[in-house]
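# Architecture and fold: a report
Read off the chains here:
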Amino acid sequence: MTAPEIDYTAVFAVLPSPCLMLGTDLVIAAANPALCEVTGRSRGELVGQYLFDVFPDNPADPEADGMETLKASLHRVLSSGQTDHMALQRYDIPVAGNPEVFKERWWTAINVPVLGPDGKVAWILHRSEDMTDVVRARRTAQLPSVSPGREAAMEAELYARARQLQRLNEELRQAHARERRIAVALQETMLHTPDLARHPDVAVRYLPATGSLNVCGDWYDAVDLPAGRFAVAVGDVVGHGLMAATVMGRLRSALSAATRTVHGPAQALEVLGLYARSVEGALAATAVQVLVDCHSHLLIYSSAGHPPPVLLHPNGTCELLDQATDPPLGGRPEHVPRPQATTTYTPGDTLILYTDGLIERRGEDIYTGLTRLTDTLATCTGFGAEHLADALLAGLDLTSGASDDIAMVVVRLDAMTRPP
């Protein structure tokens, strides 16, 4: 007897829990009726939209972090290919028809990777459960105003989630948890960039090489400067692991300090190059820095052996910032001043800095990788910085990582992109 073919679209539609199907660029591909009901949105309002454009953080809540927490979970799924369980958290949602007004909501969620034929993450199933009634009931020490069946289902869900989290925690403890905690803490400390908090139009991404301990030699930085200027940079130390990360941290700190004391990217990289000669493992490291002058709409840049940043225009054309390239740090036996170039930008342009893991593929030359990058960027016009960063990684098939480390900075050069 032949088993009947299962209609998975119908199964998705009747799931009692609110569910979304997300692409690797975090654009909503499908929403089931339970999700539409709990959010007050129609399927037409959701499908095709970038998740965090539809569900941003509540601007009236200064402590709102639901968006960042969910985003971090989704990126863990994309990079690891593993299911990620989220604990109970507050994530308010806009009122249907009145997006400036938010209503309080508490959720638990599971983000599940759906693998394609190549074994890479092709989709993410986001399954959530609205726990607002339970939370409010706990506050008032009263039973939730829901049906007995619904109450029992929510209690069963909480119990199941608790068991799942307990099992996952045990697996983590058995999987060299101490080494990973040290590695992650080291990397987060080294990449901590306080000035980024003042730039909502700047997005950063960091993807260690697949199979690594979550640390690498790639880095990014942003530095606010006087007179409406700020500088962004990326760099790449040869190798992976703790040794490369340690060298990266020293170089990143040195460039950050130099940027605040000298005039322009070329001088900052000169100082960094001299310092690199005294740091074991730093020779042949590369870096590029771009200074953004928001008043005059100028980009001033210099590169130490690094792939060129890209300036994406609203019409889809791309300009490579490749007119001030010099050898990698410590690459000259004697000190020679580094070159510096200047170009203008128009509000609405987007600046992308990246490390070579974004474009290089085995057996290809760099020009093939650059062409693939600019062709992909041409499909991302009009996106905000966060959306573009996700769409670019998805378009290059890199959301699950690559054989090399990747660091990236995306700067949306709108009129408001300026330090306070």
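Residues numbered from 1 in each chain as written. Predicted model: local features only at pLDDT ≥ 70, side-chain atom pairs only at ≥ 80, totals over all residues. Heavy atoms only, no water.

Where an unreviewed UniProt entry is consulted, the chain appears under the name SpoIIE family protein phosphatase, with the organism given as Streptomyces mirabilis.

### Brief notes about the sheet that holds strand 1 (residues 19-23)
Read from one edge of the open sheet, five strands run 2-1-7-6-3, paired in antiparallel fashion. In the strand order of this sheet, the two ends are held by strand 2 (28-31) and strand 3 (84-90), each with one partner. Between one strand and the next, the sheet's axes are offset by a mean angle of 20 degrees, whatever the strand orientation. Inspection of the sheet shows strand 6 (residues 106-115) paired to strand 7 (residues 121-130) by nine bridges, in the antiparallel sense. Bridging across to strand 7, Val114 finds its partner in Trp123. Here helix 5 (residues 66-80) sits on the sheet in contact with strand 1, strand 3, strand 6 and strand 7, set at roughly 180 degrees to strand 3. (Pairing = 2+ DSSP bridges. Helix = DSSP H or I, 4+ residues; strand = E, 2+ residues; numbered from the N terminus. Axes fitted to C-alpha atoms, helices over the stretch in contact; angles between N-to-C directions. Contact = heavy atoms within 4.5 Å.)

### Focus on the state of the cysteines
Enumeration according to the criterion identifies zero disulfides in this entry. Cys318 carries a free sulfur, and the closest cysteine sulfur to it, the one in Cys380, is 9.3 Å from it. Among the residues examined, Cys318 registers a relative accessible area of 27% and is labelled partly exposed. (Disulfide = S-S within 2.5 Å. Buried < 20%, exposed > 50% of the residue type's maximum accessible area, 1.4 Å probe, protein only.)

### Re empty space enclosed by the protein
Summed over all chains, the structure comprises two cavities of 30 Å³ or more. As a volume, the largest cavity reaches approximately 220 Å³. Contributing to the lining of the largest cavity are 16 residues, with Leu70, Tyr91, Trp107, His126 and Ser128 lying nearest its centre. Elements that contribute at least two residues to the lining of the largest cavity include exactly helix 2 (33-39), strand 3, strand 6 and strand 7. The space that makes up the second largest cavity amounts to roughly 110 Å³. Taken together, Glu270, Gly273, Leu274, Arg277, Asp326, Gly330, Gly331, Arg332, Glu334, His335, Val336 and Arg338 make up the full set of residues lining the second largest cavity. Taken together, the residues that form the lining of the second largest cavity break down as two nonpolar, four polar and six charged. (1 Å grid on protein atoms, 1.4 Å probe; cavity = no way out; pocket = protein on both sides within 12 Å on 5 of 7 lines; lining within 4 Å. Points joined across faces, edges and corners; volume = space filled by probe spheres on them. Nonpolar A, V, L, I, M, F, W, Y, C, P; charged D, E, K, R; others polar.)

### Quick notes on the layout of surface pockets
Taken as a whole, the second largest pocket encloses approximately 320 Å³ of empty space. Surrounding the second largest pocket, Tyr50, Phe52, Asp53, Met67, Glu68, Lys71, Pro200, Gly384, Ala385, Glu386 and His387 form its lining. Counting only elements with at least two residues in the lining of the second largest pocket, the list comes to helix 4 (51-54), helix 5 and helix 12 (385-395). Looking at side-chain class alone, the lining of the second largest pocket contains five nonpolar, two polar and four charged residues.

### A closer look at the packing of aromatic side chains
When we look at a pair of aromatic rings, we describe it by the centre distance and by the angle of the planes. This structure, assessed with the given rule, holds one aromatic pair. Relative to Phe52, the ring of Tyr50 lies with its centre 5.9 Å away and its plane at 75 degrees, an arrangement referred to as edge-to-face. Note on Tyr50: relative accessible area 3%, which makes it buried. Over the aromatic face of Phe52 sits the side chain of Lys71, whose NZ or CZ is 5.1 Å from the ring centroid. (Phe/Tyr/Trp six-rings, centres within 6.5 Å; stacked < 30°, edge-to-face > 60°. Lys NZ or Arg CZ within 6 Å of the ring centre and 35° of its normal.)

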